[in-house]
Amino acid sequence: HSVMTIKDAKQYLSEVIPSLMLIDLNLPDGSGENLVNYIRTDPKYQHIPVMILSADALPETIARLKAAGAEHYMTKPLDVALFTKKIRELIETQ
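The model shown is predicted, which means the values in this text are computed figures rather than measured ones.

Conventions used here
Residues numbered from 1 in each chain as written. Predicted model: local features only at pLDDT ≥ 70, side-chain atom pairs only at ≥ 80, totals over all residues. Heavy atoms only, no water. Helix = DSSP H or I, 4+ residues; strand = E, 2+ residues; numbered from the N terminus. Rg over C-alpha atoms; globule rule 2.2 N^0.38 Å. Buried < 20%, exposed > 50% of the residue type's maximum accessible area, 1.4 Å probe, protein only. Areas by Shrake-Rupley, 256 points an atom, 1.4 Å probe, with all protein chains shown as cover. Lys, Arg positive; Asp, Glu negative; His and termini not counted. Charge placed at Lys NZ, Arg CZ, Asp CG, Glu CD. Salt bridge = Lys/Arg side-chain N within 4 Å of Asp/Glu carboxyl O.

Attention now goes to the overall build of the protein chain. The helix and strand inventory of the protein chain stands at four helices and five strands. Compactness check: the protein chain gives a C-alpha radius of gyration of 12 Å against a globular reference of 12 Å for 94 residues, within 12% of the reference. Its C-alpha atoms give the protein chain principal-axis dimensions of roughly 30 × 30 × 25 Å. For the protein chain, the proportion of its 94 residues judged to be buried stands at 39%. If you sum the accessible surface of the protein chain, you get close to 5,600 Å²; carbon and sulfur atoms cover 55% of it. Between the centroid of the 10 positive side chains of the protein chain and the centroid of its 12 negative side chains there is a distance of 2 Å.

This part takes up the pattern of salt bridges. Enumeration according to the criterion identifies five salt bridges in this entry. The partner of E33 in a salt bridge is R64, and the shortest N-O contact between them spans 2.9 Å. One end of the pair, E33, is in helix α2 (residues 32-41); the other, R64, is in helix α3 (residues 59-68), and 31 residues separate them in sequence. Given a relative accessible area of 17%, E33 falls into the buried group. Between K86 and E89 there is a salt bridge, with the nearest N and O atoms lying 3.2 Å from each other. Here E89 and K86 lie together in helix α4 (residues 80-92), a separation of three residues that amounts to about one turn.

Right, let's talk about the environment of E92 for a bit. If you trace the backbone, E92 turns up in helix α4. Judged by relative accessible area, which is 64%, E92 ranks as exposed.

Next comes the structure, spelled out in structure tokens:
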């Protein structure tokens, strides 16, 4: 399933518990970091693996998002083989 905004993601989470959340940092209604914090602070969602996908490759951003609870952080342009491998790993370790 795909959603484009934080608001839609929260609505989706209220209806379905996904196997993985793939989150872009630049969303139309705010930062994907806010969505990561929302997921990590709600006990219903804390177990969902989170992967960040962003053009922001600054080490401090990556460190901050990992500290916030993102299991993996991938930068654009995307290495498709690595992306697929990480998706499988995150879903299998759930």
